[in-house]
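Observations on the model geometry
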Amino acid sequence: MERNSEEGGAPDEDGDHEAGWIMKPGRSETKEEEVTPACSRTASNEGAPDPSTDILALRIRRGLVCQDQEKPERKTGPTVSDSVLSDGQAEAVEPERDAPSVSPSSLMDTCDPSISSLSSSCFSTHHQPMLSSSSSSSSSVLSLTPPLPPSVDLPAVLTDTRLTLDVYQGGAAALPLLWGSIPDQLKGLQYLRLGSEDKPGLDGAMDVLPHLVELRSLAIRGHCFYDSQGDPLPGLLTTLPTPMASLSHLVHLDLSFNQLACLPSCLLSLPVLSSLLLCHNHLSALPPDIGLLSSLTYLSLLGNELVSLPPSLGQLKALQTLDISHNLLQQLPDEIGCLEELVKLDLSHNKLKQLPESMGSLLSLRELVIYSNDLRLIPHSLNKLSLLKIDVRDNPLGQPPTPPPLPPTPDQTETKIPELHLGFNQHSFCVSSAGCHVFLPGGAELLFPPGCLVSTTRLEWAERRPERKWVWLEEHDILLSRPLELRPHGITFLKPVEVCVPYHRTRRREVVVQRFDGQSWSTLPTVLRRGSESHSSHPGGRPARLACCAVRQFSWFMAVSRPVKDSCSVTPAGALLVSSSDPGIKLHFPPDSTLQTRTITLQVLQVSVSEVQTLCGDPQASVSPLLCLSQTPSTDFLQPIKVQVPLPSGVTGHTVEMSRLHLLHGDPTAQTWTDITSQVSLYVTHLYAIFYITHFSWYWLWYTTQRCVSGVVRKVYQKLKQFKVQFLVLQRKTDPSQVMLQCLPSNKVDNRVQSLSEQYDGPQPSDLCDLLEGEQFFAGFERGLDISTERPDCVGGRLCFVFYSSLKNLKEVYICPAQGQKGPVRGQVSFYRGEIPNNLPEEVARKRKGHDSQWLATLPLRLPALNSENNFVMEDLQHPPLNLGDPESGYLTEANLLSISLQIGQDWRVIGINLGLSYQELDRIQYKYRDNLGALVLDMLFHWARGQRNAGPGAASRLVAAMIESGRRDLADEIEDIVSIGRRKYSESLRRVGLEAESSSLGETQ
């Protein structure tokens, strides 16, 4: 059995098929069969108040009468006998870990028809006086805060015996409002579900709970909804009111994903409580009188902070399932051997070092899960249990105890690995046997442990452009980084070297590092962490997010985001695979479904319902997550595999119309979708859809009124894969021949344009376009413009791009007028889909005529005319007078800077580097004034000086230091002389002003 290491599985909602509709191939409503257990009996309603008046008034006020008059009378779910509930013999199931909880299969459905099943015959004329009189009493229900969303109708959450308020955020606040308007109807509730993410609404609901004395199933859970970052909202329940001990009929209680630090004392007074779920709270201990829950058959304490268990736990004689996984248990009490009816015991992910011999007395035990502990031996008494299955993975069984570490010797000194910070122009470095921690530009890190090399070795690194011909992404993958190449490829390290690639945050997806071996990409075990505090990719920013892997050989590495991938090995004995991203998704492999061991892979792709509704044109459409199933080998299974998926959002087993529910099969190779609803066994429970398959591929559950579902799904899927992008074409303000082209997702464009506005200018971003991850496109310079550069990605004035949503997709080029063009050029840049063709159609190159199949967008681009000195005639070439520094720390006028620039000569580039100018900026200046050394030096020096306006005092001192470092001591001395003279003149002026002020004050006194 496979389980998620962090979160457990969700419940099986199907039970024994009593809880849902079984669909035959015909799928017509007349084929629906209602299944009831053989032991069912009719519930007695004698003495109960008739709620029809308030119900009908409420329905009229919500505008539901007309709808029901047009609908035939039908039942929305099967019935379940009360005897099953009272006996408490139904097996409880594991709680959902990130989805709403569910009661055991015997608690699945109500025995009374829901409000929505009332027929139009109820609205006859003799009811009108009664309706009008009760409408005013129910008016308060209509102003619920927060109100029910349009997709949730009140009859969908409220029936005669069931109230479901965890289907919309803050729904718990509706309970006191309903209690204030229709208390008689709520007194008969047997099933209640609340979300606990809203503290004020939860407190109000707690005041009402003790009055619902007929309750049999109660769920108050967190993690029902997600915030804007994709993280689940925690439950805020910390305790239960003491009067809840009056709920004497309560059989099932789920308080998972909350803030409980101790078990509420009122729970010990519930006489018939048989299922108790306290998963993912903060329980550190259980009360010593836990044995008072004598009727308990299912107890889940998964994901708490329990260190030990009380001996009174052995008094739970009826307990059949006990889940204490993911806690801090170090030992078990001997009294655990007294649980005579225990069938399943889950102790995984604890710190157990041994098991008590008394566990040999658990004669009913059939499944013992103890993986991920510190067990070195299994009690011999368990050998007597011949029917017991034990999962002992990830335990040091048979290994001797780990000896304590030796104390350090006095002569041992702690060795610190040296650090090396590289610049953009440093593409090689040396590593000795002492190891090294190398920080690369952009945030990447390389950690060489001591002893990984015998002798000092020179290594190299380079960031490569992600060429589509060798960067291969699987379906739904997103590239997060440029490929990092580490050389030499053939070198082998004696110890693993940690390679850390920076990436941007992704929502609800996993990040992995992939390595290219020259033939294909493979995924490496990946650890995610933050980079060093002293090495941020942005000055003053947070350390980079790093995806790290350990390797012994150098190659190409890149970070990739993909839907969370879960896998397991299926043997002839069968298995269970639970999705870690959505625990409500399960794959059940029965015994004998395969003759050989297979590797199963499951990926879950979350889909936005609002986007689907927009794309398919059906405002009522809804979808489940998309399942991507694969296996090795790829032959069909011998037995049908049961697949459990959540119903589409807003749909429950009580409101579903089976004629609108479609199961789609996708072929990832052919990119086709087929409606297979009538070809599989498909039925629904309250929260889930269950179907059986023998072939693995893609499966997607749709709820829609569309008729041609397969065609609609194919178009919607293609659109969902595409990104909405915009193109930027910007010119540098100081040099319009330098053009930057960029393609970004539309949600990043505004911030990008704002950050470039000081240095660049150009037309507004293009209209929205659609591009796929890894799709190729190119830019063509048209109407008299050409590229004045030779580069491999440029062919005939057209520049090739590959779109990756998390990368910059940016290129800068220099443009010039096409041959024969004079004066200012009013040209354009057009973007086209696909690879660069051998030749563009003449009419496209000359002037685009309409929307062809390749064209994406066109943006205008203007290139000014050149003057006699081969410089562009700019509209604004004049700058205000520039003075460097200040009189106190050193002052240089514009005339001083002009004098200094005339003496720099060929040393301008070295001086520019020591002044802190980037190589890209120096290349731009050199290209702009390639024929005029004097203008080149002047522009370099004045460009640096303008940047010193906001750099604080000491600019003159920085210029002197740069001259000395560049070997120009003569210029440094001249600058110091100028500064010294300036300071002396400034001091003399202050002294003179001070004397004048003093003499004037004396004259006034006399």
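As a starting point, this report considers the structure included with it. (Residues numbered from 1 in each chain as written. Predicted model: local features only at pLDDT ≥ 70, side-chain atom pairs only at ≥ 80, totals over all residues. Heavy atoms only, no water.)

1. Focus: the overall build of the chain
Rules: What counts as a helix is a DSSP run of H or I of at least four residues, what counts as a strand is a run of E of at least two, and both are numbered from the N terminus. In this scheme, a residue with accessible area under 20% of its type's maximum is buried, one over 50% is exposed, and one in between is partly exposed, where area comes from a 1.4 Å probe on protein chains only. Between two residues, a contact is recorded if the distance between any of their heavy atoms is within 4.5 Å. Computed with a 1.4 Å probe, the accessible areas rest on the Shrake-Rupley method; for each residue, only the protein chains presented here act as cover.
Along the backbone of the chain there are 18 helices and 49 strands. For the chain, with 1006 residues in total, the buried portion stands at 50%. By sequence separation, contacts in the chain at least 24 residues apart represent 65% of the contacts at least 6 residues apart. Surface exposure of the chain reaches about 47,200 Å², of which carbon and sulfur atoms provide 51%.

2. What about the sheet that holds strand E19 (residues 492-503)?
Counted only if it meets this: By definition, two strands form a pair when at least two bridges between them are found by DSSP. To obtain each axis, a line is fitted to C-alpha atoms, and for helices this fit is confined to the stretch in contact; angles are then taken between N-to-C directions over 0 to 180 degrees.
With mixed pairing, the six strands of this open sheet are ordered in space as E12-E14-E15-E19-E23-E22. Only two strands of the sheet have a single neighbouring strand rather than two, namely strand E12 (419-421) and strand E22 (527-530). Mean inter-strand twist for the sheet, computed between neighbouring axes without regard to direction, equals 25°. The pairing of strand E14 (residues 436-439) with strand E15 (residues 445-448) spans four bridges and is classified as antiparallel.

3. Details of the sheet that holds strand E4 (residues 217-221)
On the basis of which strands lie adjacent, the open sheet formed by 10 strands has the order E2-E3-E4-E5-E6-E7-E8-E9-E10-E11 and parallel pairing. Sheet topology places strand E2 (162-164) and strand E11 (389-391) at the edges, where each strand pairs with a single neighbour. Averaged over all neighbouring strand pairs, the angle between strand axes comes to 5°, with direction disregarded. Summarising the sheet, strand E5 (residues 252-254) and strand E6 (residues 275-277) pair through three bridges and their orientation is parallel. Its bridge partner being in E6, Leu 253 is matched across the sheet by Leu 276.

4. So, the pairing of strand E24 (residues 556-562)
Burial analysis of E24 places seven of its seven residues in the buried class, the great majority of the element. Going residue by residue along E24, you find Trp 556, Met 558, Val 560 and Arg 562 tucked away on one face and Phe 557, Ala 559 and Ser 561 tucked away on the opposite face as well. The sheet contact formed by strand E17 (residues 478-479) and E24 spans two bridges and is antiparallel. Note that in E24 the partner of Ile 478 across the bridge is Ser 561. With two bridges connecting them, strand E18 (residues 484-487) and E24 associate as antiparallel partners. Considered in E24, the bridge of Glu 485 is made with Trp 556. With seven bridges joining them, strand E20 (residues 510-516) and E24 adopt antiparallel strand pairing. Within the sheet, the bridge partner assigned to Gln 514 lies in E24 and is Met 558.

5. Thoughts on the pattern of salt bridges
Stated precisely, the cut-off is as follows: For this analysis, a salt bridge means a side-chain nitrogen from Lys or Arg found within 4 Å of a carboxyl oxygen belonging to Asp or Glu.
Tallied over the full model, the rule gives 20 salt bridges. Across the pair Asp 391 and Arg 393 runs a salt bridge whose closest N-O atoms are separated by 3.0 Å. In this structure Asp 391 comes out as buried when scored by relative accessible area, which is 16%. Across the pair Glu 498 and Arg 529 runs a salt bridge whose closest N-O atoms are separated by 3.8 Å. Residue Glu 498 is found in strand E19, and its partner Arg 529 is found in strand E22; the two are separated by 31 residues along the sequence. A network of salt bridges, in which partner residues are shared, links Glu 460, Arg 464, Glu 485 and Arg 487.

6. Observations concerning helix H8 (residues 199-208)
Applicable threshold: The reported arc concerns the directions from the helix axis to the C-beta atoms and nothing else. Nitrogen and oxygen atoms within 3.5 Å of one another constitute a polar contact, given that in protein one can donate a hydrogen and the other can accept it, and given that sequence-neighbouring residues count only through two side-chain atoms.
Taken together, the buried positions of H8 are Gly 201, Leu 202, Ala 205, Met 206 and Val 208. Buried residues of H8 fall within an arc of 155° about the axis and therefore sit on the same side. Those residues of H8 that are exposed and aimed more than 90 degrees away from the buried face are Pro 200 and Asp 207. Looking at the buried side of H8, the elements it contacts are helix H6 (174-181), strand E3 (191-195) and E4. Between the side-chain oxygen at the start of H8 and the backbone nitrogen of Gly 201 there is a gap of 3.2 Å, and the oxygen is on Asp 198.

7. A look at the packing of helix H15 (residues 919-928) against helix H16 (residues 933-947)
Where we set the bar: Crossing handedness is defined as follows: a turn of the near helix away from the far one that is anticlockwise and smaller than a right angle gives a left-handed crossing, while the clockwise case is right-handed. Only Asp, Glu, Lys and Arg are considered charged in this grouping, and only Ala, Val, Leu, Ile, Met, Phe, Trp, Tyr, Cys and Pro are considered nonpolar; every other residue, Gly among them, is considered polar.
Relative to each other, H15 and H16 sit at 145°, their axes nearing to 9 Å. The handedness of the crossing between H15 and H16 is right-handed. For the pair H15 and H16, contact is made by Glu 921, Leu 922, Arg 924, Ile 925, Gln 926 and Lys 928 and by Leu 936, Asp 939, Met 940 and His 943, respectively. Classifying every residue of the contact of H15 with H16 gives four nonpolar, two polar and four charged.

8. Structural notes on the packing of aromatic side chains
Cut-off, in case you're wondering: Two rings belonging to Phe, Tyr or Trp (six-membered ring only in the last case) form a pair when the distance between their centres is within 6.5 Å. Interplanar angles under 30 degrees mark stacking, angles over 60 mark edge-to-face geometry, and anything in between is tilted. Put simply, a charge is over a ring when the Lys NZ or the Arg CZ is close to the ring centre, within 6 Å, and near the line of the ring normal, within 35 degrees.
One pass over the full model with this rule turns up 22 aromatic pairs. When the ring of Phe 589 is compared with that of Phe 637, the centres are 5.7 Å apart and the planes differ by 50°; the resulting orientation is tilted. Placement of Phe 589 in strand E27 (residues 586-589) and of Phe 637 in the loop between strand E30 (626-632) and strand E31 (641-646) is noted, with a sequence separation of 48 residues between them. We classify Phe 637 as buried; its relative accessible area is 6%. Seen from their ring centres, Phe 778 and Tyr 832 are 5.3 Å apart, and the 20° between their planes marks the pair as stacked. Taken together, the positions of Phe 778 in strand E41 (residues 776-782) and Tyr 832 in strand E46 (residues 825-833) put the pair 54 residues apart, joining distant regions of the chain. Both residues of the pair, Phe 778 and Tyr 832, count as buried. Taken together, the ring pairs connect Trp 673, Trp 698, Trp 700, Trp 702 and Tyr 717 into an aromatic cluster. A cation over an aromatic ring shows up here: Lys 811 above the ring of Phe 801, its NZ or CZ 4.8 Å from the ring centre.

9. Re the environment of Val 802
As for its placement among the helices and strands, Val 802 is situated in strand E44 (residues 798-802). Sequence-wise, Val 802 and Arg 465 are 337 residues apart; in three dimensions their C-alpha atoms are separated by 9.5 Å. If we skip the residues at most four places from it in the chain, Val 802 touches Pro 466, Arg 468, Gly 774, Glu 775, Gln 776, Phe 777 and Asn 809.

10. Details of the state of the cysteines
Inclusion rule: Note that a disulfide, as used here, is simply two cysteine sulfur atoms within 2.5 Å.
The final tally for this structure, using the stated rule, is one disulfide. Here Cys 500 connects covalently by a disulfide to Cys 548, the sulfurs 2.4 Å from one another. Negative torsions about the S-S bond denote left-handed disulfides, and the value of about 115° found for Cys 500 with Cys 548 makes this one right-handed. Remark: Cys 548 occurs in strand E23 (residues 545-553) and Cys 500 occurs in strand E19; sequence separation between them is 48 residues. Exposure class is identical for Cys 500 and Cys 548. Each is buried.

11. Thoughts on the environment of Arg 707
Checked against the element boundaries, Arg 707 lands in the loop between strand E36 (698-703) and helix H10 (709-721). Spatially, the C-alpha atom of Arg 707 lies 9.1 Å from that of Arg 660, the residues being 47 residues apart in sequence.

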